[in-house]
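The primary structure of each chain is shown beneath.
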Amino acid sequence: MDPFDSSDSLEGPSKTAATNAEVPVPWSRFSAWLECVCVVTFDLELGQAIELVYPHDVKLTEKEKTSICYLSFPDSYSGCLGDTQFSFRLRQSVGRSSSWFGHEDAYNRDAPVTLQKEHAHFHGYVYFRQVKDASVKRGYFQKSLVVVSRLPFGNLFHSLLQVIAPEYFEKHEPWLETVCNEIDQWPAPVPGQTLNLPVMGVVMQVQIPPKVETSGGSPVKQPQTENLLPAPTVLPSVHELDLFKCFQSVLIHMQMLWELMLLGEPVVVMAPSPTVSSETVLALVSAIAPLRYCGDYRPYFTIHDSEFKEYTTRTQAPPNVILGVTNPFFIKTFHCWPHIIRLGDLKMSGDLPKQVKVKKLAKLKTLDTKTYIYNFLLCNKGIYTAYKTFLHKDKSFIKRLLKGIQKKRPSEVQSAILRRHLLEQTESFILPLERYLESLMPPQRSMSPWKTPPQIRSFSQDEFMKTLEQAGPQLTLKGDWTGLYRRFFRSPNFDGWYRLRHREMTQKVECLHLEAICAADLLTWNKDKSEVEIVDLILKLREKLMKARKHQLPVKEELLEKLEQSIQTIISSLPEDLQTLLHRQ
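What you see is a predicted model; the values in this text were computed from it and never measured.

Q: Report on the packing of aromatic side chains, specifying residues and quantitative values.
A: Applying the stated rule across the entire model yields 37 aromatic pairs. Relative to Y300, the ring of F86 has its centre 5.3 Å away and its plane inclined at 70 degrees; by these criteria the two rings are edge-to-face. Of the two residues, F86 is situated in strand β3 (residues 82-91) and Y300 in the loop between β11 (296-298) and α10 (308-312); the sequence distance between them amounts to 214 residues. Centroid distance F464 to F489: 5.8 Å. Interplanar angle 80 degrees. Geometry classified as edge-to-face. Taken together, the residues span a long stretch of sequence, with F464 in helix α16 (residues 461-471) and F489 in the loop between α17 (481-488) and α18 (492-519) at a distance of 25 residues. Residue F464 is classed as buried on the basis of its relative accessible area, which comes to 0%. Assessed through its relative accessible area of 8%, F489 is described here as buried. Every member of this aromatic cluster is reached through a ring pair, and the members are W258, F429, Y436, F459, F464, W481, Y485, F488, F489, F494, W497 and Y498. Its end group placed over the ring of Y297, R89 keeps NZ or CZ at 4.1 Å from the ring centre.

Q: So what's going on with the packing of α18 against helix α21 (residues 557-572)? Which residues, and what values?
A: What describes two packed helices is the angle between their axes and the distance between those same axes. Packing of α18 against α21 leaves a shortest axis separation of 9 Å and a crossing angle of 55 degrees. Taken together, the axes of α18 and α21 lie oblique to each other. For α18 against α21, the interelement crossing comes out left-handed. Taking contact as the criterion, the partners of L514, E515, I517, C518 and A519 in α18 are, on α21, L559, L560, K562 and L563.

Parameters and conventions
Residues numbered from 1 in each chain as written. Predicted model: local features only at pLDDT ≥ 70, side-chain atom pairs only at ≥ 80, totals over all residues. Heavy atoms only, no water. Phe/Tyr/Trp six-rings, centres within 6.5 Å; stacked < 30°, edge-to-face > 60°. Helix = DSSP H or I, 4+ residues; strand = E, 2+ residues; numbered from the N terminus. Buried < 20%, exposed > 50% of the residue type's maximum accessible area, 1.4 Å probe, protein only. Lys NZ or Arg CZ within 6 Å of the ring centre and 35° of its normal. Axes fitted to C-alpha atoms, helices over the stretch in contact; angles between N-to-C directions. Parallel < 35°, antiparallel > 145°, perpendicular 65-115°, else oblique. Left-handed = near helix turned anticlockwise from the far one by under 90°. Contact = heavy atoms within 4.5 Å.

See the structure below:
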């Protein structure tokens, strides 16, 4: 058996590539945060139209431009006057480059999975203004400033828009150019570090959570000119929403909503505005953190969306997607979906918000006509579903939140309580799976430098179920945990979680094997081998070294340097013609 077999063949970077990497890429700092900034206006002849994209050389496809246009304006039913902020998410066009800087992204390596950049989708953050204007034919000024990014930093980018959008509507393109040039001076988005982000006289101070939480972030070395800037405005989070505000009318149903998200069930959120729609969808997706929601989700979805036909076809079951909509047309289109959440405005008050009721879809489907269904849903808020939860409600937790409302507890405190509860519930659900995965890893003592790395054992659902008797979820919640796990195994969230964890485990096996090789006496092994075997060994050792550095495997640098020295020593023992050949490669 080949002692240094590797399934992945990687070629080393050429000298040309190394030289090119040293040349600064235009807008490289800007694009670490944003893809582009768009201005969308209303044209009497064309409807919504992109007025400006900055930087000018950003390559958006026509399909992406059209999607951004329609997703950047509330529909006419929302009646949004004044300034409105909301979010959307759109699929990037097939075949386009997923990133200006390739797939190997240091940010994604260090960021939690829920905050990683997306290579297949864009996030859009909108600041829409609609005010009366007699100088315009329609009588209204209608324009949106849109920040497009691969980062799910809703809190940060909405705060950015609050600073720059009002001024842009007065000062136009030169102002936007200045803003983008300032963003191009921002430090890179490094998880775990405290970052100061100056823009137009305001400094936003943020900290992106690291993959593994540490006590406090290390400050980034900032240029000396930063001392001349004003005191920073500290943002508590780059991404977290006010969960209590988003879920205030469905608090007593949080257990059911958590299960629907965990299982990746198709859900439609019908809301009175794109703000309520987008915040609710994003809050639902975040409810299963630190687990990544692996289905599709659209915080704001319109009838003009390029996936409209795909998601509204009745020839097959609804896809695993969460859609946030505001157009009443969708009430007719989606009335047959398994889970519908019909909401009102998210208005905070000191009193207990009226809790919407769960209404069985069976009753809805017995209604005689589509018009009656439309009117019924339009006038009756609630959660329409036939879903029965696997776990019982945590009544003590609900009482704690309701008591907080009576005591006028601040919304941010209520949100922290709610977020902690959801986090602990998700972690308790995932913990038995993590323990079982650990048992699939080959024992470290079986790792030999002279053999192929041992294989990770396959995941067996039945074998896992047997472990629940001794290592089940550490929660007081009672219910059918076994049934919940079996349903979870059929969801996109399990598939995404397992693929990620299996890749991480494979890398860990690679690390252990590489460490065993580094600790081995290669020079002694080399003495009685033929030149062909030695050359083959050198090539495979080089490949492992390049793979370790390219993927930044967690192997100590001194071990890699020791291996590199051993390779050079072995090469020097070969005839000159072979030395020359190996040095050229």
